[in-house]
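# Structural overview for review
Each chain, letter by letter, is given below.
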Amino acid sequence: MIEDVEITDNEFLRQFELEVGDNMARIEYALQDRKIFLTKYEMPDILEEQGFRDIFIKAVFEEVKDRGINLVPTSPEVAGFMRKNRRKYKSLLPVGISI
């Protein structure tokens, strides 16, 4: 099922990854103190067309939430997801940051 995706944290490349068949989506990040900056979003068009964008970003947000750290979305795609889901994920933003 499309909702049951597993993401991988590739700590060496500092990116979250989602593999679907031969395609891979990634969100690059930078860690500073107790914050994770989501800096770059890449997803093949075929996965975008199949509706994986929001599913992937949601999975990354949930992973960050489980780690108990703050999230700063600097990628336009990730920031757009944050704006659409502000109420649910507002608590992940550091104090003083609004999207």
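Starting afresh in each chain, residues are numbered from 1 along the sequence in its written order. For a predicted model such as this one, the threshold for reporting local features is a pLDDT of at least 70, and the threshold for listing and counting side-chain atom pairs is 80 or more; totals across whole chains, interfaces and linings nevertheless cover every residue. Computation of side-chain values: all heavy atoms of the structure, hydrogens and water removed.

Core analysis: the largest hydrophobic core is formed by 24 residues, its most contacted members being Ile27, Ile36, Leu38, Phe56, Phe61 and Leu71. The secondary structure listing takes helices from DSSP runs of H or I that are at least 4 residues long and strands from runs of E that are at least 2 residues long, numbered from the N terminus. At the level of secondary structure, the elements contributing two or more residues to this core comprise strand 2 (15–20), strand 3 (23–32), strand 4 (35–42), helix 2 (52–67) and helix 3 (76–84). The element contributing the most residues to this core is helix 2, with six residues. Remark: nonpolar core denotes a set of buried residues (Ala, Val, Leu, Ile, Met, Phe, Trp, Tyr, Cys) joined through side-chain atoms within 4.5 Å. The classification of residues rests on relative accessible area computed with a 1.4 Å probe and restricted to protein chains. Under 20% of the type maximum is buried, over 50% is exposed, and intermediate values are partly exposed.

Another aspect to go through is the side chain of Gln15. Turning to its location among the elements, Gln15 is positioned in strand 2. Two N or O atoms count as a polar contact when they lie within 3.5 Å, although within protein this holds only if one can serve as hydrogen donor and the other as acceptor, and sequence-adjacent residues are included solely when both atoms are side-chain atoms. Reaching out from Gln15, the side chain makes a polar contact with the side chain of Glu17 at a distance of 2.7 Å.

Our focus in this paragraph is helix 2. In an α-helix there are 3.6 residues to a turn, and that puts residues three or four apart on one side. Compared with the 22 Å implied by 1.5 Å per residue over 16 residues, the 23 Å span of helix 2 between its first and last C-alpha is a close match. Listed in full, the buried residues belonging to helix 2 are Phe52, Ile55, Phe56, Ile57, Ala59, Val60, Phe61 and Val64. One or two residues past the end of helix 2 sits Gly68, with phi positive at roughly 70 degrees. Helix span, as expected, comes to 1.5 Å for every residue beyond the first.

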